[in-house]
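Take a look at the letters that make up each chain.
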Amino acid sequence: MSDESVDLGTNGLEQERARRLGSLDALRAKGTNPYPYRFDRSHTLGEIRNEFGALEAGSETKSHVTVAGRILLKRDQGKLIFATLQDRETSIQLFVSKAIVGDDAFDAINNLDLGDWVGATGIVMTTRKGELSIKVDSVILLSKAVRPLPDKWHGLTDTDTRYRQRYADLIGNEESRRMFAVRHAVISSFRRTLHERGFIEVETPVLHVEPGGAHARPFVTHHNALDMTLYLRIALELHLKRLIVGGMERVFEIGRVFRNEGISTRHNPEFTMMELYQAFADYTDIMDLTEVLFVNAANDATGSSTVLIDDIPVDLAKPWRRVRMIDLVREATGVEVHPSQPREQLVALAEKHGVKVLPHFGPGKIIEELFDATCETTLREPTFVTGHPVEISPLARVDRNDPHLTERFELFVGGRELANAYSELNDPVEQRLRFEDEQKSKEAGNAEAGTVDEDFLRAMEYGMPPTGGLGIGMDRLVMLIGNAQSIRDVILFPTLRLEAF
RNA sequence: GCGCCUUUAGCUCAGCUGGUAGAGCAACGGACUCUUAAUCCGCAGGUCCUGGGUUCGAUCCCCAGAGGGCGCACCA
């Protein structure tokens, strides 16, 4: 066997690949380029459906069109072939008659494989049964597929293969295509809503010297020329606030952030965050804006503001509950809690509810743990949980009515956190103290605590106006609006273990 | 990281108390000018995830490992 020859192989896949590679050679021998450079179409398949969708059965138009797409199905009738052509929008049937195209072209079309890309010209018609079709007068191969498609009826269901070979998933699974259309619509809707409100879209660094703005373990990398340790960002917050100091007033960024933590149906190590900052606003303004963003996104993506949460319809357009974290914990435990209480009291309550308390947990952290354990998963309908303890909110402003709480909210929907927002802390002296508390907590063994970001403090010292800020986990929002059960269904290429080839 | 489940033809899946595997689709050969997952006839296709062990004999039982799913933990 020479190096060039195709291994005829021992299994079905290799045999099929060898056959298709062989037909490539045969095409080239006949002077056909199986991979031409370009192709002009007159209509997308969706345009044809829009224009001719109402055609009666058995009609023939005078419209001669040129289309392109992938052959998904072939139904061979002897001297007549029906082929299903799919493009990005939809699919349409090609009607190929031997009497029209001639013997040679008919054979060539008959020799096309499922998965091949073709361009076709012909007359728009409907069959006797009413199926919108193109009565073909010519078909040209645009790209030969050498590997067979998944099952034409069941598609690809194996989750591993769907995530690893998203290309094959997208070819066969309408639902997968729909989900990514929803994703695009949601993100596009956010840009529209924010542009309408005078927000400027910006891009800030992904490589950070200090991984701040959230509590999470970072990915660590290294810049060779500068011989410097860098971290992939875990949040967008601190750079966007620097822009508020700079006077940009309303900024947002939709960007990838990275957290070196577990993977689950709700977590991917890299995910997409939208953060915005609005000068002269506080967290109540941000609640209103969050509701608008969500309702617009649902409407733009699905045509309705109603989404399914655990299979129950919920209209996002109704105002959302606003309730303090300490009040929710009191409702759940029957015990009044407040960060000003002695730590031992809260430890006792935590133990009663099976909450593990680590040595570096202060009263505020224990209250949050109690909330996570007793309340979080019960918050099915959209709920703004407000008033987080200062201890767990180093970048949020203290509540104007309670020095132990902050002006902060987290938005929970379907038991999942989707958003986090504050009246932003803009006092540089207090910010330094908060950072120093974080630093102490880190030294006490809290791996996720932050450090003192001197450049950020310098920015604060130039003066940041009163500002409201918001962060939204876009993947989870797409899950909500698209009704996805796993974050992997809304991320085109989710993080997986190394594949063995 | 821990627990449970799972891995059989290119795809979707069967496979009984242990006797070395089947179907549908795709492919290939044939029939067919209105099909819709076309239909009909024929033919081929296998490292039963990997490595050990038990057994006369392992897809099946046991152990270890790998991939995947779900749950818990961490977190958004």
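Residues numbered from 1 in each chain as written. Chains lettered and ligands numbered in written order. Predicted model: local features only at pLDDT ≥ 70, side-chain atom pairs only at ≥ 80, totals over all residues. Heavy atoms only, no water.

Describe in detail the sheet that holds strand β19 (residues 416-423), supporting the description with residues and values.
Strand order in the open sheet formed by eight strands is β6-β10-β11-β20-β19-β18-β15-β14, with mixed pairing between adjacent strands. Edge positions in the sheet fall to β6 (200-201) and β14 (321-324), since each of these pairs with one other strand and no more. Sheet topology note: the strand β10 (residues 250-258)/strand β11 (residues 270-279) ladder contains nine bridges and is antiparallel. Looking at the pairing, Val257 lines up with Phe271 of β11. (Pairing = 2+ DSSP bridges. Helix = DSSP H or I, 4+ residues; strand = E, 2+ residues; numbered from the N terminus.)

Explain the nonpolar core to me, and be specific about the residues and the numbers.
Counting residues in hydrophobic clusters, the biggest one holds 44 residues, and the most contacted among them are Phe190, Met274, Leu276, Leu470, Ile472 and Leu477. The dominant element in this core, judged by the number of residues it contributes, is helix α9 (residues 283-302), at nine residues. Contacts of Leu470, omitting those with residues within four sequence positions, involve Met274, Glu275, Leu276, Ile286, Thr290, Leu293, Phe409, Ala419, Asn420 and Ala421. In terms of nonpolar packing, the next biggest core, distinct from the first, is built from 24 residues, Phe52, Leu85, Ile109 and Ala120 among them. (Core = buried A, V, L, I, M, F, W, Y, C linked by side-chain atoms within 4.5 Å. Buried < 20%, exposed > 50% of the residue type's maximum accessible area, 1.4 Å probe, protein only. Contact = heavy atoms within 4.5 Å.)

Quick one: what's the story with helix α12 (residues 363-374), residue by residue and with numbers?
The terminal C-alpha atoms of α12, which comprises twelve residues, lie 16 Å apart, in line with the 16 Å expected from a rise of 1.5 Å per residue. Within α12 the residues assigned to the buried category are Gly364, Ile366, Ile367, Glu368, Leu370 and Phe371. Looking at the buried residues of α12, the elements they touch are α10 (325-333), α11 (343-352), β15 (383-386) and β18 (408-413). (Expected span 1.5 Å × (residues − 1).)

Before we move on, can you summarise a nonpolar patch on the surface with the specific residues and values?
On the surface, Tyr167, Leu492 and Phe493 cluster together to form a nonpolar patch covering roughly 350 Å² of accessible area. Tracing the backbone through its elements, the reader meets Phe493 in the segment after α15 (474-482). The exposure class of Phe493 is exposed, given its relative accessible area of 57%. (Patch = residues over 30% accessible without salt bridge, like charges linked within 9 Å, V, L, I, M, F, W, Y side chains within 5 Å. Areas by Shrake-Rupley, 256 points an atom, 1.4 Å probe, with all protein chains shown as cover. Salt bridge = Lys/Arg side-chain N within 4 Å of Asp/Glu carboxyl O.)

I'd love a proper account of the layout of surface pockets, names of residues and values included.
Estimates place the volume of the second largest pocket at around 410 Å³. Surrounding the second largest pocket, 21 residues form its lining, Leu27, Thr32, Ala108, Ile109 and Leu112 being those nearest its centre. Secondary-structure elements contributing two or more residues to the lining of the second largest pocket are α1 (12-29), α4 (103-110) and β5 (132-143). At five residues, the largest contribution of residues to the lining of the second largest pocket is made by β5. Class assignment for the residues of the lining of the second largest pocket results in ten nonpolar, five polar and six charged. (1 Å grid on protein atoms, 1.4 Å probe; cavity = no way out; pocket = protein on both sides within 12 Å on 5 of 7 lines; lining within 4 Å. Points joined across faces, edges and corners; volume = space filled by probe spheres on them. Nonpolar A, V, L, I, M, F, W, Y, C, P; charged D, E, K, R; others polar.)

Can you tell me about the sheet that holds strand β7 (residues 207-208), naming the residues and giving the values?
Reading across from one edge, β7-β9-β8 is the order of the three strands in this open sheet, with antiparallel pairing throughout. Each having just a single partner strand, β7 and β8 (220-223) make up the two edges of the open sheet. As judged from the four bridges shared by β8 and strand β9 (residues 228-232), these two strands associate in the antiparallel manner. Bridge pairing in β9 places Thr221 opposite Leu230.

Residue-level account of empty space enclosed by the protein, with values.
Counted under the stated rule, the structure contains one cavity of 30 Å³ or more. A volume near 40 Å³ is recorded for the largest cavity. Around the largest cavity sit Ile71, Lys74, Ala83, Leu94, Val96, Ile109, Leu112 and Val139, which together line it. For the lining of the largest cavity, the secondary structure elements donating two or more residues are β1 (60-76) and β3 (91-97). For the lining of the largest cavity, the residue count by class is seven nonpolar, no polar and one charged.

Lay out the domain arrangement of chain A with the relevant residues and their values.
Partitioning chain A into structural domains gives domain 1 (12-143) and domain 2 (174-320 + 381-489). The C-alpha centroid of domain 2 is placed 48 Å from the C-alpha centroid of domain 1. (Domains from an automatic or database assignment.)

So what's going on with the pairing of β1? Which residues, and what values?
Residues in a regular strand project their side chains so that they alternate between the two faces of the sheet. Two strands pair when backbone bridges link them, and β1 and strand β4 (residues 117-126) are joined in this way by eight bridges, in the antiparallel orientation. Its bridge partner lying in β4, Gly69 is registered against Val118. Hairpin connection, β1 to strand β2 (residues 80-86): the antiparallel pair is bridged by three residues, and Gly78 has positive phi, about 100°.

Could you give an account of the pattern of salt bridges, with specific residues and numbers?
Within this structure, the stated rule accounts for 42 salt bridges. Between Arg19 and Asp113 there is a salt bridge, with the nearest N and O atoms lying 2.7 Å from each other. With Arg19 in helix α1 and Asp113 in the loop between α4 and β4, the pair connects residues that are 94 residues apart, well separated along the chain. Relative accessible area serves as the criterion here: at 8%, Asp113 is assigned to the buried category. In this structure, Arg178 and Glu175 form a salt bridge, with 3.0 Å as the shortest nitrogen-oxygen distance. Within this pair, Arg178 and its partner Glu175 are both found in helix α7 (residues 174-196), separated by three residues, close to a single helical turn. Several salt bridges converge on common partners, so that one network encompasses Glu16, Arg19, Arg20, Asp113, Asp116 and Lys144.

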